[in-house]
Amino acid sequence: MKKIKALLIDLDGTIYQNEKLIENTLSTIKELEKQKIQYRFITNSTTKSKKSICVYLDSLGLTVNESRICTTWHAASTYCFNNNISNVKILTLAKSIESDLNGLNLVNSDPEAIILGDLGHKFNYQILNDIFLDLLNGAELIALHKNRYWLNNERIVLDLGPFVSLLEYSANKNAIIIGKPNKEFFKIASSDFNLSNSHIAVIGDDIDADVKGAQDANMIGILVKTGKYIEEEIKKSNVNPNYIIDSFSHILDYL
């Protein structure tokens with residue numbers, strides 16, 4: 001239990017829920033800093049930039065520097081840079097994610113890759129068919145994550161994953177999944193910890209994206225019983241979290 005020296009902390013469902021900080025979050029963050037535990041916030045949100053996340057957290061009472069946040073947009077732009085991809089088509093509801101894109105050239109036609117974020121209720125036949133045609137013409141599909149569902153105003157709703165699977169099947173092409181549970185995402189998020197992965201814990205409310213992703217990256221996977229935690233889903237899962245805790249504040253018991 002004492003081997004945890006750094007944390008990658010999920011946001012929605014772990015730090016806040018229903019536009020409120022989860023109880024004892026602020027005091028827990030202060031204690032992490034007091035104990036000099038390194039931490040970063042990670043998110044599979046496809047609709048917010050680092051800057052907008054900071055603004056939102058500040059409105060909830062938690063002041064965070066952008067350097068403490070790793071987004072899927074940042075990870076996607078890093079992937080494109082490392083693979084010499086420059087002309088991309090962006091599909092997302094996000095309005096201000098350009099600051100996380102690190103100079104990618106945004107195009108409307110003949111993209112080398114499509115970066116697919118959450119479109120929510122705007123997903124329709126025409127949009128999906130347009131993406132399908134781009135994929136047939138050789139574009140790569142870069143999905144910011146492949147989560148099956150998420151908690152929206154206390155309702156479980158479809159997330160990006162089902163649409164990614166639809167496109168993979170129709171184009172007979174595997175998507176490149178950038179966000180959690182991709183190992184590369186955790187590598188990027190923890191790059192300045194200078195620690196062995198075995199000393200880093202990922203804490204979140206998604207047993208696949210957070211816990212399995214962490215364990216596949218040789219990190220410690222901790223599941224919280226807040227957010228979209230569903231007891232029956234956990235019982236059916238083949239994933240065994242290293243620890244299951246009631247809420248984020250209980251992480252202090254494992255440091």
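Q: What am I meant to see in the overall build of the chain here?
A: If you tally the helices and strands in the chain, you get 8 helices and 15 strands. Viewed in the frame of its principal axes, the chain has a C-alpha envelope of about 55 × 40 × 35 Å. Evaluated residue by residue, the chain yields a buried proportion of 53% over its 255 residues. Considering only intrachain contacts with a sequence separation of at least 6, the fraction spanning at least 24 residues in the chain is 67%.

Q: It is not clear to me how helix 2 (residues 50-60) should be interpreted in this structure. Could you clarify?
A: For the α-helix, the turn length of 3.6 residues means that residues three or four positions removed from each other point alike. Within helix 2, burial applies to Lys50, Ile53, Cys54, Tyr56, Leu57 and Leu60. Seen along its axis, helix 2 keeps its buried residues to an arc of 165°; they face one direction. Across from the buried face of helix 2, at angles greater than 90 degrees, the exposed residues are Lys51, Val55 and Ser59.

Q: Could you clarify how one ought to interpret the nonpolar core in this entry?
A: Generally speaking, nonpolar side chains in soluble globular proteins are found buried as a group. Core analysis: the largest hydrophobic core is formed by 31 residues, its most contacted members being Leu8, Ile42, Val88, Ile115, Ile142, Phe186 and Met219. Elements with a contribution of two residues or more to this core: strand 1 (6-10), helix 3 (72-82), strand 6 (87-91), strand 8 (113-116), helix 6 (183-189) and strand 13 (200-204). Residues within four places of Met219 in sequence aside, it is in contact with Leu8, Phe186, Ser190, Asn197, Ile200, Val202, Ala214 and Asn242. Counting 30 residues, the second-largest nonpolar core is a separate cluster that includes Leu57, Ile222, Ile245 and Ile251.

Q: Can you help me understand the sheet that holds strand 14 (residues 220-224) in this one?
A: Two orientations exist for strands paired in a sheet by backbone hydrogen bonds: parallel and antiparallel. Judged by pairing direction, the sheet is parallel, and its 6 strands sit side by side in the order 5-4-1-13-14-15 without closing on themselves. In the strand order of this sheet, the two ends are held by strand 5 (69-70) and strand 15 (243-245), each with one partner.

Q: Can you help me understand helix 1 (residues 25-34) in this one?
A: For helix 1, the full list of buried residues reads Thr25, Thr28, Ile29 and Leu32. The buried residues of helix 1 occupy one face: seen down the axis, they fall within an arc of 100°. For helix 1, the exposed residues set more than 90 degrees away from the buried face come down to Lys30 and Lys34. Where helix 1 is buried, its residues contact strand 1, strand 3 (20-21) and strand 4 (38-42). At the exit of helix 1 stands Lys36, carrying a positive phi of roughly 60°.

Q: Even after reading the chapter, I still don't get the sheet that holds strand 12 (residues 176-177), so can you show me in this structure?
A: Read from one edge of the open sheet, 5 strands run 7-6-8-9-12, paired in parallel fashion. Every interior strand has two partners, whereas the edge strands, strand 7 (105-106) and strand 12, have only one. Here strand 9 (residues 140-143) runs beside strand 12; their pairing, made up of 2 bridges, is parallel. Following the sheet pairing, Ile142 is matched in strand 12 by Ile176. Relative to the sheet, helix 3 contacts strand 6, strand 8, strand 9 and strand 12, its axis offset from that of strand 9 by approximately 150°.

Q: It is not clear to me how the packing of aromatic side chains should be interpreted in this structure. Could you clarify?
A: Aromatic ring pairs are reported here in terms of the distance separating the ring centres and the angle at which the planes meet. By the definition in use, this model includes 5 aromatic pairs. With a centroid separation of 5.2 Å and an interplanar angle of 70°, the aromatic rings of Tyr16 and Tyr56 are classed as edge-to-face. Residue Tyr16 is found in strand 2 (residues 16-17), and its partner Tyr56 is found in helix 2; the two are separated by 40 residues along the sequence. The burial state of Tyr16 is the same as that of Tyr56; both residues are buried. With centroids separated by 4.6 Å and ring planes inclined at 40°, the aromatic side chains of Tyr243 and Tyr254 adopt a geometry described as tilted. With a gap of 11 residues between them, Tyr243 in strand 15 and Tyr254 in the segment after strand 15 connect regions that are remote in the sequence. A residue is classified by how much of its surface remains accessible, and Tyr243, at 19% relative accessible area, is buried. By relative accessible area, which is 17% here, Tyr254 ends up buried.

Q: What am I meant to see in unusual backbone geometry here?
A: If a residue is not glycine, its phi is most likely negative; likewise, a peptide bond is most likely trans. With an omega of 10°, the peptide bond between Lys180 and Pro181 qualifies as cis. Here Pro181 shows up in the loop between strand 12 and helix 6. A positive phi is found at Asn84, a non-glycine position, where the angle reads about 55°. Along the chain, Asn84 falls in the loop between helix 3 and strand 6. Using a relative accessible area of 70% as the deciding quantity, one classes Asn84 as exposed.

Definitions and cut-offs
- Residues numbered from 1 in each chain as written.
- Predicted model: local features only at pLDDT ≥ 70, side-chain atom pairs only at ≥ 80, totals over all residues.
- Heavy atoms only, no water.
- Helix = DSSP H or I, 4+ residues; strand = E, 2+ residues; numbered from the N terminus.
- Buried < 20%, exposed > 50% of the residue type's maximum accessible area, 1.4 Å probe, protein only.
- Contact = heavy atoms within 4.5 Å.
- Arc of directions from axis to C-beta.
- Core = buried A, V, L, I, M, F, W, Y, C linked by side-chain atoms within 4.5 Å.
- Pairing = 2+ DSSP bridges.
- Axes fitted to C-alpha atoms, helices over the stretch in contact; angles between N-to-C directions.
- Phe/Tyr/Trp six-rings, centres within 6.5 Å; stacked < 30°, edge-to-face > 60°.

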